[in-house]
Amino acid sequence: VDHGKTTLADALVASNGIISMRSAGEVRYMDSTEEEQRRGITMKSSSIALLYNCPRRVLTQKETERKSRIQHQLLSRTKMHPKRKLLLQQELDRPPMQPYKFDPAGMFTHLVNIIDSPGHVDFSFEVTKSLQACEGTLLVIDAAQGVEAQTVANFLLAREQGLTVIPVLNKID
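Residues numbered from 1 in each chain as written. Predicted model: local features only at pLDDT ≥ 70, side-chain atom pairs only at ≥ 80, totals over all residues. Heavy atoms only, no water.

Notes on the overall build of the protein chain
Of the regular secondary structure elements, the protein chain holds six helices and four strands. Starting at the N terminus and ending at the C terminus, the protein chain contains elements arranged as α-α-β-α-α-β-α-β-α-β. For 173 residues, the compact-globule formula gives about 16 Å, and the C-alpha radius of gyration of the protein chain, at 20 Å, lies well above that figure. Across the 173 residues that make up the protein chain, the buried fraction comes to 29%. (Helix = DSSP H or I, 4+ residues; strand = E, 2+ residues; numbered from the N terminus. Rg over C-alpha atoms; globule rule 2.2 N^0.38 Å. Buried < 20%, exposed > 50% of the residue type's maximum accessible area, 1.4 Å probe, protein only.)

Structure, rendered in structure tokens:
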């Protein structure tokens, strides 16, 4: 509760120009019911499809960093199991994860579906249903409050379903 999930969702919505950056965090765009707006809490999960535009230079840089890390591992270890060395060499030789399709401006566009779910334990069934529709999840953690019981429960639920969990530290200022 109050870790900033809806505020993060507002910022992502604003990044697509649907609402202004200035109003992100105040609009509570994903809280669609009158009760949610009145109480200032998310009670029902809601979703939106957004576009993520990534320039070619960012993807090129990531690929260069990946190869550099592998080369460093290969060169820095004097003793390495031959199978490990072979696996690292194969990883170094493999092409990027997916063939990126760039538009004429050099941008890779990807559709991202965002689901803003409640944080309160009383609405945990909403989180469960949301996770069933996902391939990965952002786990928002309030840096001031730290990891709470519901945060751990949601993490374990996501891992149980085989989802990639990306922790997001919020309120670090």
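What follows picks up the thread again.
Looking at unusual backbone geometry
If you check the backbone angles, Arg28 has positive phi at about 55 degrees while not being a glycine. If you check the backbone angles, Lys171 has positive phi at about 60 degrees while not being a glycine. Structurally, Lys171 can be placed in the segment after strand S4 (164-170).

Describing the pattern of salt bridges
All told, the structure shown has eight salt bridges when counted by the stated rule. For Arg39, the salt bridge identified is with Glu35, shortest N-O distance 3.6 Å. On the criterion of helical spacing, the pair formed by Arg39 and Glu35 is a turn pair, its members being four residues apart in helix H2 (residues 34-39). For Arg39, a relative accessible area of 45% corresponds to the partly exposed category. Residue class for Glu35 comes out partly exposed when judged on its relative accessible area of 31%. For Lys44, the salt bridge is made with Glu126, and the minimal N-O distance between the two is 3.5 Å. Of this pair, Lys44 sits in the loop between H2 and strand S1 (46-55) while Glu126 sits in helix H5 (residues 124-132), and the two are 82 residues apart along the sequence. On the accessibility criterion, Lys44 (48% relative accessible area) is partly exposed. Sharing partners across several salt bridges, the network here consists of Glu63, Arg66, Glu91 and Arg94. (Salt bridge = Lys/Arg side-chain N within 4 Å of Asp/Glu carboxyl O.)

Some thoughts on the environment of Tyr52
Within the secondary structure layout, Tyr52 lies in strand S1. For Tyr52, a relative accessible area of 45% puts it in the partly exposed group. Ignoring any residue separated from it by four or fewer positions in sequence, one finds Tyr52 in contact with Phe108, Thr109, His110 and Val112. (Contact = heavy atoms within 4.5 Å.)

Some thoughts on the side chain of His3
Within the secondary structure, His3 is located in the segment before helix H1 (5-15). A distance of 3.1 Å separates a polar atom in the side chain of His3 from a polar atom in the side chain of Gln145. For His3, the residues in contact, after removing those within four places along its chain, are Val140, Ile141, Asp142, Gln145, Gly146, Glu148, Thr151, Asn170 and Lys171. (Polar contact = N/O pair within 3.5 Å; in protein donor to acceptor, adjacent residues only side chain to side chain.)

Focus: the packing of H5 against helix H6 (residues 149-160)
Between H5 and H6, the shortest axis-to-axis distance is 10 Å and the interhelical angle comes to 30 degrees. Considering their axes alone, H5 and H6 lie roughly parallel with respect to each other. The handedness of the crossing between H5 and H6 comes out as right-handed. Residues Ser124, Val127, Thr128 and Leu131 of H5 form the contact with H6, whose own contacting residues are Gln150, Asn154, Leu157 and Ala158. Residue composition of the contact of H5 with H6, by class: four nonpolar, four polar and no charged. (Axes fitted to C-alpha atoms, helices over the stretch in contact; angles between N-to-C directions. Parallel < 35°, antiparallel > 145°, perpendicular 65-115°, else oblique. Left-handed = near helix turned anticlockwise from the far one by under 90°. Nonpolar A, V, L, I, M, F, W, Y, C, P; charged D, E, K, R; others polar.)

A short note on helix H3 (residues 56-76)
Between the first and last C-alpha of H3 there are 30 Å, a value that for 21 residues agrees with the 30 Å anticipated at 1.5 Å per step. The set of residues buried in H3 consists of Leu59, Glu63, Arg66, Ile70 and Leu74. Along the long axis of H3, the arc covered by the buried residues comes to 75 degrees, so they all point the same way. More than 90 degrees from the buried face of H3, the exposed residues found are Arg57, Thr64, Arg69, His72 and Leu75. Where the residues of H3 are buried, they touch S1, helix H4 (82-93) and strand S2 (107-116). (Expected span 1.5 Å × (residues − 1). Arc of directions from axis to C-beta.)

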